[in-house]
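Structural characterization, general
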Amino acid sequence: MKIKVCVIGAGASGLPAIKSCIENGLEVVCYERTAELGGLWNYRPNQKEGGTVMASTVVNTSKEMMAYSDFVPLDKLPNFMHHSFVLKYMKEYAEKFDLLKYIKFNTEVKTIEKVDGKWKITLGNGRIEIFDKIMLATGHHSYPIYPQFRGMEVFKGQTIHAHDYRSYKGYEGKDVFIVGIGNSALDIAVELSKIAKSVTISTRRGSWIFNRCAAGGMPYDIVFHSRLYYFIRKILPLSLVNDFMEHRLQQRMDHDLFGLRPNHRFFEQHPTVNDALANLLASGMITVTEDVETFEGNAVIVKGGRKFACDELILCTGYTFSFPFLKPQSLIPIKVSFLLYFN
Ligand SMILES: NC(=O)C1=CN([C@@H]2O[C@H](COP(=O)(O)OP(=O)(O)OC[C@H]3O[C@@H](n4cnc5c(N)ncnc54)[C@H](OP(=O)(O)O)[C@@H]3O)[C@@H](O)[C@H]2O)C=CC1
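The structure contained in this document is the topic of the report that follows. (Residues numbered from 1 in each chain as written. Predicted model: local features only at pLDDT ≥ 70, side-chain atom pairs only at ≥ 80, totals over all residues. Heavy atoms only, no water.)

Some words on the packing of aromatic side chains
We describe a pair of aromatic rings using the distance from one ring centre to the other and the angle between the two ring planes. Put simply, the rule reads: Each Phe, Tyr or Trp ring, with Trp reduced to its six-membered ring, pairs with another whose centre is within 6.5 Å; inter-plane angles below 30 degrees give stacked pairs, above 60 give edge-to-face pairs, and intermediate values give tilted ones. Definition used: whenever NZ (Lys) or CZ (Arg) falls within 6 Å of the ring centre and also within 35 degrees of the ring normal, the charge is taken to sit over that ring.
One pass over the structure, following the stated rule, counts 20 aromatic pairs. Cluster of aromatic residues (ring-pair linked, three or more members): Phe210, Tyr220, Phe224, Tyr229, Phe266 and Phe267. Positioned above the aromatic ring of phenylalanine 131 is the side chain of lysine 4, whose terminal nitrogen or guanidinium carbon lies 4.9 Å from the ring centre. When the ring centre of phenylalanine 267 is taken as reference, the NZ or CZ atom of arginine 233 above it lies at 4.3 Å.

Let's talk about the sheet that holds strand 5 (residues 118-123)
Test applied: Following DSSP output, two strands are said to pair if at least two bridges run between them. Only runs of H or I of at least four residues qualify as helices and only runs of E of at least two qualify as strands under DSSP, and these elements are numbered from the N terminus.
Strand order across the open sheet formed by four strands is 6-5-4-20, with mixed pairing between neighbours. The sheet is open, and its two edges are formed by strand 6 (128-131) and strand 20 (326-327), each paired on a single side. Judged from the six bridges that link them, strand 4 (residues 109-115) and strand 5 form a sheet pairing that is antiparallel. Among the inter-strand pairings, isoleucine 112 is bridged to a residue of strand 5, identified as isoleucine 121.

Observations regarding the pairing of strand 2 (residues 27-31)
We apply this condition: For every residue, the accessible area obtained with a 1.4 Å probe (protein chains only) is divided by the maximum for its type, and the residue is called buried under 20%, exposed over 50%, and partly exposed between those limits. Crossovers are described as right-handed under a simple rule: with the strands pointing away from the observer, the path leading from the first strand over the helix to the second runs clockwise.
Within strand 2, four of the five residues are buried, leaving the element largely enclosed by the surrounding structure. A crossover links strand 1 (residues 4-8) with its parallel partner strand 2, the connecting element being helix 1 (residues 14-23), and its sense is right-handed. Strand direction decides the pairing type here: strand 2 and strand 3 (residues 103-104), joined by two bridges, are parallel. By the bridge assignment, tyrosine 31 is partnered in strand 3 with lysine 104.

Let's talk about the state of the cysteines
By definition, a disulfide is the covalent link that joins the sulfur atoms of two cysteine residues. The line we're drawing: Cysteine sulfur atoms that pair up within 2.5 Å are treated as a disulfide.
Scanning the model with the defined rule gives zero disulfides in all. Take cysteine 6: it sits in no disulfide, and the sulfur closest to it among the cysteines is that of cysteine 30, at 7.4 Å. Note on cysteine 6: relative accessible area 0%, which makes it buried. No disulfide involves cysteine 310; its sulfur sits 12 Å from that of cysteine 316, the nearest cysteine.

Digging into the pattern of salt bridges
A side chain with one charge can pair with a side chain of the opposite charge if their charged atoms come near. Filter applied, for reference: Each salt bridge in this description consists of a side-chain nitrogen of Lys or Arg and a carboxyl oxygen of Asp or Glu lying within 4 Å of one another.
Scanning the entire structure with this criterion turns up 19 salt bridges. Residue lysine 19 is joined to aspartate 70 by a salt bridge in which the shortest nitrogen-to-oxygen separation is 2.3 Å. Of the two residues, lysine 19 sits in helix 1 while aspartate 70 sits in the loop between helix 2 (63-66) and helix 3 (83-96), which places them 51 residues apart along the sequence. Residue class for aspartate 70 comes out partly exposed when judged on its relative accessible area of 34%. A salt bridge links glutamate 36 to lysine 91, with the nearest nitrogen and oxygen atoms 2.5 Å apart. Of this pair, glutamate 36 sits in the loop between strand 2 and helix 2 while lysine 91 sits in helix 3; the two residues are 55 residues apart in sequence, bridging distant segments of the chain. Overall, the relative accessible area of 30% leaves glutamate 36 in the partly exposed class. With relative accessibility at 30%, the residue lysine 91 sits in the partly exposed group. In the salt-bridge network here, residues are joined through shared partners; they are Arg33, Glu49, Glu108 and Lys110.

Points about a nonpolar patch on the surface
Cut-off, in case you're wondering: Patch definition: residues with relative accessible area over 30% and no salt bridge; like charges joined within 9 Å; nonpolar side chains (Val, Leu, Ile, Met, Phe, Trp, Tyr) joined within 5 Å. Method for areas: the Shrake-Rupley scheme with a 1.4 Å probe, in which residue coverage is limited to the protein chains shown.
A surface patch of nonpolar side chains, amounting to about 370 Å² of accessible area, comprises Phe231, Ile235, Leu236 and Leu240. Within the fold, leucine 236 resides in the loop between helix 6 (227-235) and helix 7 (238-252).

Looking at the sheet that holds strand 15 (residues 292-296)
The line we're drawing: Orientation is described by axes fitted as lines to C-alpha atoms, over the contacting stretch for helices, and by angles from 0 to 180 degrees between their N-to-C directions.
Ordered by their spatial adjacency, three strands build an open sheet running 15-16-17, and the pairing between neighbours is antiparallel. Two strands bound the open sheet, and with one partner strand each, they are strand 15 and strand 17 (307-309). With direction set aside, neighbouring strand axes in the sheet form an average angle of 25°. As judged from the four bridges shared by strand 15 and strand 16 (residues 299-302), these two strands associate in the antiparallel manner. Directly across from glutamate 296, in strand 16, lies its bridge partner alanine 299.

What follows is the structure, given as structure tokens:
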């Protein structure tokens, strides 16, 4: 008898998971909560639950590095794709390998329990299904982290998390204050710098800012995975490789001048990728400042005492993992979310 596998989520991971099951002779069913595949890449402006990209998102991994190894993206596609191209690519992948027939759309998984060594799945419509194995492919951009800052209760402006940001509309002429310096923060800051009255980014420890392309226009992530780079990283001490990278980044933008230099070395953290920030800092359209200290009615005060007018506070403070449908939650212990990527 065939092993019965349930894949939950028809996004970037769910699709190849279905394909692998078929290739390995397993019986597979995929449950997808929404009406379309693509997960995060399925842009839904009015989406509240789950995650979705913003209207202008261009992925910061090159198509050469993010592609499925068995489905090469078309040459005519740009190296760094707008989210609509990413979604189209995923749809073509699903069609090419005939995956759609395994996906039950508009089907939410309510609970997953382990009963007598099998997985009991209760669906939104109350139906119960039993599987031998499950694969969770539900993404990790659904549960935003909301930091609590001192004095936040007196703030009279509007507060949202990057999770709920879709486009620049509504921010025209506003004083915008952004917390965090990850990729969400910089994509939003760059977009709003063109239309807002002011855009300030607050960071508690800075970041190395990296460009999509290396000198000569080759995507950096391809250069990094070349044999030459692997060789260099193997023979040289990491501190020297860090020195080299940091020197290159300093040549593009002085991280000290703009208060961006972090305590960590380049290869110690996920880098922030942004091509426009350097110019916008140099032209005063974006300001970088210290960590938040407290709030006033329509202002944010940062450590050291500087005060910034603020109508719109955007928390770009990242995400946590959660699998609320697991009963009990301890079925997958989450100690450090980072581990889930690698284990
Ligand atoms: N164009 C693209 O391809 C995009 C890709 N992404 C990806 O999505 C993922 C999520 O990105 P993102 O949403 O930026 O989240 P990240 O987790 O990458 O960044 C969160 C930021 O918030 C800061 N932060 C967290 N908590 C606090 C706090 N209490 N006070 C002050 N600062 C805080 C962090 O600072 P600290 O470092 O000090 O912890 C960090 O700067 C990443 O993998 C990113 O690469 C996101 C947007 C666009």
